[in-house]
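Descriptive structure summary
Next come the chains, spelled out residue by residue.
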Amino acid sequence: MPRLYSRTDAGRRAWDTQNSLVPLDCRRVLGFVGKDTAPRDIREKLGWSEAALEEILKELEAGGLVKSVETGPDKNTLDFTGNFLVADIEAAQQRIRDELDFTGPRSADDLRAAREKK
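Residues numbered from 1 in each chain as written. Predicted model: local features only at pLDDT ≥ 70, side-chain atom pairs only at ≥ 80, totals over all residues. Heavy atoms only, no water.

The next point concerns the packing of helix H3 (residues 39-46) against helix H4 (residues 50-62). Two numbers describe how H3 lies on H4: the axes approach to 10 Å, and their chain directions differ by 115°. The handedness of the crossing between H3 and H4 comes out as right-handed. Residues Pro39, Ile42 and Arg43 of H3 touch H4, and the partners they reach there are Glu50, Leu53 and Leu57. Within the contact of H3 with H4, the residues separate by chemical class into 4 nonpolar, no polar and 2 charged. (Axes fitted to C-alpha atoms, helices over the stretch in contact; angles between N-to-C directions. Helix = DSSP H or I, 4+ residues; strand = E, 2+ residues; numbered from the N terminus. Left-handed = near helix turned anticlockwise from the far one by under 90°. Contact = heavy atoms within 4.5 Å. Nonpolar A, V, L, I, M, F, W, Y, C, P; charged D, E, K, R; others polar.)

Spelled out as structure tokens, the structure:
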């Protein structure tokens, strides 16, 4: 599953001070990690293989210099490959209009019931 990487405070300090305890390759990668950075963006800039970058990112994460979050297709991609029926969309719009119809008379009991429904 794809991951996004962000530099931690420790990673920022290591980058800012160019700490020699952090290997040069790790510092190079650290310089390209911002907030929610995709590995492909770093690979494009460095010209490294996926395996080489993955190894460095794992090392940085183990050292607490970066953190990552898993992404998934439901978070990053939209799927418009299904069939949409205009009638279904119109019916959904009508249901929403009916639910939001405030033109009729409302009693205090109706308002309380709606509030309690939440």
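Our next topic: unusual backbone geometry. The phi dihedral of glutamine 18 falls on the positive side, at around 50°, and the residue is not glycine. Within the secondary structure layout, glutamine 18 lies in the loop between helix H1 (9-17) and helix H2 (24-32). The partly exposed category is assigned to glutamine 18, whose relative accessible area is 33%. The phi angle at aspartate 36 is positive, at roughly 55°, despite the residue not being glycine. Looking at the secondary structure, you find aspartate 36 in the loop between H2 and H3. Residue class for aspartate 36 comes out partly exposed when judged on its relative accessible area of 41%. (Buried < 20%, exposed > 50% of the residue type's maximum accessible area, 1.4 Å probe, protein only.)

With respect to the helices and strands, the residue threonine 8 is situated in the loop between strand E1 (3-7) and H1. Owing to a relative accessible area of 17%, threonine 8 belongs among the buried residues under this scheme.

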